[in-house]
Amino acid sequence: MKAAAVYPDRKSLGIVEDYPEPKIENPSQVKLRILTVGVCGTDREIASFVYGTPPDGYEYLVIGHECVGEVVEAGPEASGMKPGDLAIPMVRRPCAHPDCIACRSGRSDFCYSGDYKERGIMKMHGFMTELVVDDARYMNIVPQAIRDVAVLVEPLTIAEKALLQTMRVQDRLPWGLPAQFGGGTEQAYRHKAVVLGAGPVGLLGAMALTLHGFEVTVYSRDRAPNPSAEIVHQIGGRYISSLDRTIEQMAGDVGTIDLIYEATGASQLAFDVLKFLGTNGLFILTGVPGHHAPVEFDTDTIMRNLVLKNQCVLGTVNAGKDAFEQAVSDLTSFYLRWPDAVKGLITGRFPLEKFGEPILHQTGIKNIIEIGK
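If you're wondering where the values come from, they're calculated on a predicted model, not measured in any experiment.

1. Some thoughts on the sheet that holds strand S12 (residues 192–196)
Each strand in a sheet pairs with its neighbour through backbone hydrogen bonds, running either in the same direction (parallel) or in the opposite one (antiparallel).
Item 1. Read across the open sheet, the 6 strands follow the order S14-S13-S12-S15-S16-S17; overall the sheet is parallel. Two strands in the sheet have a free side with no partner beyond their single neighbour: strand S14 (238–241) and strand S17 (312–315). Neighbouring strand axes in the sheet, compared pairwise and without regard to direction, differ in orientation by 20 degrees on average.
Item 2. Pairing geometry for strand S16 (residues 282–285) and S17, over 4 bridges, is parallel. Within S17, the residue paired with Leu-285 across the bridge is Gly-315.
Item 3. Relative to strand S15 (residues 259–262), helix H4 (residues 200–211) is tilted by about 150 degrees, and along the sheet it contacts S12, strand S13 (215–220) and S15.

Structure (structure tokens):
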């Protein structure tokens, strides 16, 4: 088989022509024919050799962790899965430490040891190849109705895990959630969310927040009109460019900000906006900044607000089964409600042989690698 790989020691990318075809080796495993694989910032950092670790015994790492595939074979104990089903595998696998209660509880997304493995990222080959075998417990069935856009499920899980935790955190305030998102009763007040960044993670987060009852403003650099701004408008949100409005002006336009969803990895921006989070508000960090020189921000104001306004700051990474299931459900709802906006997220399609182009030269919103049909 063919597979797209990174060679960390050589500092190069390439197609592995003789990648071994995987075989089902235990009764709970499933074989997938990979259809599409998404390209994201993590892949670009791996291809820049910032991180990315091959499995033991390999000089290369097969990349790709956002994918959708079709089941071609299922072991007798692969419950609920059969040939022809569409499925999306999870990314992270548990560590082996017996005292890691998170991994032993099936929640490796909260791993304590840090010795987990991740497909296409750390010590496990990824999905940018023709066939993949994995255990059924890591698979998530996807309806055929969203086949063309199902590759967006994995990046959507970032927002879904954040929103599931939002429900838990804001349960401290029974009135602090929209009724559609677990709050007690319908209220005239519509909670306001600001999304920082208009890339795929930000736009999918904006869709999830809108679906669950928030009034959403996306704050990003590029001026409208642009494709991301058009998607924000299609889902009923507001788009503000940082070139047109300062952070303080944007916050004034929005009013009380109940939730901020950061999807940029820009630490200076994040902490400058944090100053404008409203009373009882929640700030969700999803981006991972690179190693840059220290930045300055107003620590006194931020600390004072966190205490006196009962605010919370939450970091979130990876996703559990619950977030994958919610992402499948919500993406299906997005596609029914805003089909053009969802399809508009995918702006580039490339064959496996040209996988390096969208990784090394980012264009558009979301690029995908098409492998199967």
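Now, onward.
2. Overview of the pairing of S12
Item 1. For S12, the buried fraction is high: 5 of the 5 residues fall into the buried class.
Item 2. Burial along S12 is two-sided: Lys-192, Val-194 and Leu-196 and Ala-193 and Val-195, pointing in opposite directions, are all buried.
Item 3. The sheet contact formed by S12 and S13 spans 5 bridges and is parallel. Paired with Val-194 across the bridge in S13 is Thr-217.
Item 4. Handedness of the S12-H4-S13 crossover: right-handed.
Item 5. The pairing of S12 with S15 spans 4 bridges and is parallel. If you follow Leu-196 over to S15, its bridge partner there is Glu-262.

3. Quick notes on the environment of Thr-42
Item 1. Examined against the element boundaries, Thr-42 turns out to sit in helix H1 (residues 41–47).
Item 2. Linking Thr-42 and His-65, residues 23 residues apart in sequence, is a C-alpha distance of 9.2 Å.
Item 3. Among all residues touching Thr-42, those that are not within four sequence positions of it are Tyr-51, His-65 and Ile-121.

4. Looking at the side chain of Glu-154
Item 1. With respect to the element layout, Glu-154 can be found in helix H3 (residues 153–169).
Item 2. Here Glu-154 is buried and forms no salt bridge, its nearest opposite-charge partner Lys-366 lying at an N-O distance of 6.7 Å.
Item 3. In this view, Glu-154 contacts His-65, Glu-66, Val-91 and Phe-324; residues no more than four positions away in its chain are not counted.

Parameters and conventions
- Residues numbered from 1 in each chain as written.
- Predicted model: local features only at pLDDT ≥ 70, side-chain atom pairs only at ≥ 80, totals over all residues.
- Heavy atoms only, no water.
- Pairing = 2+ DSSP bridges.
- Helix = DSSP H or I, 4+ residues; strand = E, 2+ residues; numbered from the N terminus.
- Axes fitted to C-alpha atoms, helices over the stretch in contact; angles between N-to-C directions.
- Contact = heavy atoms within 4.5 Å.
- Buried < 20%, exposed > 50% of the residue type's maximum accessible area, 1.4 Å probe, protein only.
- Right-handed = clockwise from strand over helix to strand, strands pointing away.
- Lys, Arg positive; Asp, Glu negative; His and termini not counted.
- Salt bridge = Lys/Arg side-chain N within 4 Å of Asp/Glu carboxyl O.

These values are about where atoms sit, not about what they do.
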